[in-house]
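Architecture at a glance
Residue strings, one per chain:
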Amino acid sequence: MTFRARILGAAAGGGLPQWNCGCKNCGLARLGTIPSQTQSSLAVTADNAFWAILNASPDIRHQLSQSQSLHPTGLRQLPLRSVLVTNGDIDHVAGLLTLREMQPFTLFATAGIHQVLAENPIFDALNSAVVSRETIALNQPFELAPGLTATLFPVPGKVPLYLEAGDVQTDLIGDQTVGVHLQTEDSSAFYIPGCALLNDDLRSRLDGADLLFFDGTLWQDDEMVQAGLGQKTGQRMGHMSMSGPEGSIAAFEDMRIGKKVFVHMNNTNPVLRPDSVEKAQAEAAGWIIGQDGMEIT
Ligand code: MLT
Ligand code: MN
Ligand code: ZN
């Protein structure tokens with residue numbers, strides 16, 4: 001059993017380029033000067049035959065067409081066994097609507113996230129006679145795909161943007177934002193595409209992991225404000241940024257982790273430009289900048 005992960009989409013919600021964005025990166029991506037990236041999703045397998053998809057992005061149709069290992073193996077036979085969503089954000093659930101073609105798979109999520117889906121009747125397009133929705137309790141290991149055990153754990157975050165009301169707590173601990181611990185017989189990996197803060201619980205959990213995919217939304221907390229794209233900081237969106245004393249690069253500096261990969265990058269993030277000093281800095285600190293189609297075994 002060899003654990004294998006394929007980044008289906010390395011960008012955050014909106015993707016690169018984002019349809020309505022005229023920022024530097026989006027312009028360069030439209031010109032083809034830098035690679036475009038689709039929205040947040042990771043595919044994983046332990047037996048090289050059956051796969052699970054972590055987060056169903058709005059780009060899933062394109063992502064699957066680009067991923068030969070996930071293509072149909074018969075008329076309606078697929079390597080896909082399950083889909084797991086780590087929060088109710090649109091970039092992580094909208095792709096479920098694309099998967100509505102009467103294809104059996106298991107949809108895993110916490111009770112809180114399943115409730116968000118159940119309250120949105122459009123998701124009934126996933127026929128319950130065909131797609132089984134399984135509720136997963138925090139800290140309870142379960143079989144995600146053959147030979148691949150997953151455990152969900154709480155990560156500081158917030159409710160989906162479309163459910164925000166009143167004062168929003170951006171580092172809520174509960175079952176609305178989770179990370180995933182993936183284990184095979186001999187390897188241990190983590191997937192955490194959204195995280196507001198690396199707290200002590202997360203530190204001790206992640207210590208010693210072979211591989212980590214982590215929230216790389218912004219380089220700098222006020223990056224979108226600086227770019228003139230709005231008033232929201234990374235913290236307000238429930239994401240810790242890469243750089244600075246409070247950033248993820250500093251937070252992970254003294255942790256023992258085999259490979260660290262940034263995913264869920266916003267289109268404004270300078271690390272998405274292959275020749276940027278920020279990308280070089282992140283790499284010098286031991287990080288890999290995720291890309292669509294990148295595979296790690
Ligand atoms: C996020 O990661 O902050 C959300 O996906 C934002 C959104 O819903 O567009
Ligand atoms: Mn997102
Ligand atoms: Zn942009």
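My aim in this report is to walk through the structure given alongside it, one point at a time. (Residues numbered from 1 in each chain as written. Chains lettered and ligands numbered in written order. Predicted model: local features only at pLDDT ≥ 70, side-chain atom pairs only at ≥ 80, totals over all residues. Heavy atoms only, no water.)

1. Here we look at the site of ligand 1
Surrounding ligand 1, one finds Asp-89, Asp-91, Met-237, His-239 and His-264. Within the side chain of Asp-89, an N or O atom sits 3.2 Å from an oxygen atom of ligand 1. Between ligand 1 and the protein, one listed contact pairs an oxygen atom with a side-chain N or O atom of Asp-91 at 2.9 Å. Here ligand 1, which alone exposes 270 Å², has 78% of that area covered by the protein. (Near = heavy atom within 4 Å. Polar contact = N/O pair within 3.5 Å; in protein donor to acceptor, adjacent residues only side chain to side chain. Areas by Shrake-Rupley, 256 points an atom, 1.4 Å probe, with all protein chains shown as cover.)

2. Concerning the sheet that holds strand 5 (residues 105-109)
Strand order in the open sheet formed by seven strands is 6-5-4-3-2-1-14, and the pairing between neighbours is mixed. Either end of the sheet is taken by a strand with one partner, and the two such strands are strand 6 (131-135) and strand 14 (295-296). As paired elements, strand 5 and strand 6 share five bridges and run parallel to each other. In the strand pairing of strand 6, Phe-105 is matched with Val-131. (Pairing = 2+ DSSP bridges. Helix = DSSP H or I, 4+ residues; strand = E, 2+ residues; numbered from the N terminus.)

3. Topic: the coordination of the manganese ion (ligand 2)
Summarising the metal site, the manganese ion (ligand 2) is bound by the protein donors Asp-91 (OD) and His-264 (NE2), whose distances to it range over 2.0 to 2.2 Å. With Asp-91 in helix 3 (residues 90-93) and His-264 in the loop between strand 12 (259-263) and helix 8 (277-284), this pair connects stretches of sequence that are 173 residues apart. For the pair formed by Asp-91 and His-264, the shared burial category is buried. (Donors = N, O, S within 2.8 Å, 3.2 Å for Na, K, Ca; no water. Buried < 20%, exposed > 50% of the residue type's maximum accessible area, 1.4 Å probe, protein only.)

4. Considering the coordination of the zinc ion (ligand 3)
Taken together, the protein ligands of the zinc ion (ligand 3) are Cys-21 (SG), Cys-23 (SG), Cys-26 (SG) and Asn-267 (OD1), with distances of 2.3 Å. Along the chain, the residues that donate to the zinc ion (ligand 3) are spaced as C-x1-C-x2-C-x240-N. Of the two residues, Cys-23 is situated in the loop between strand 1 (4-9) and helix 1 (24-31) and Asn-267 in the loop between strand 12 and helix 8; the sequence distance between them amounts to 244 residues. We classify Cys-23 as buried; its relative accessible area is 13%.

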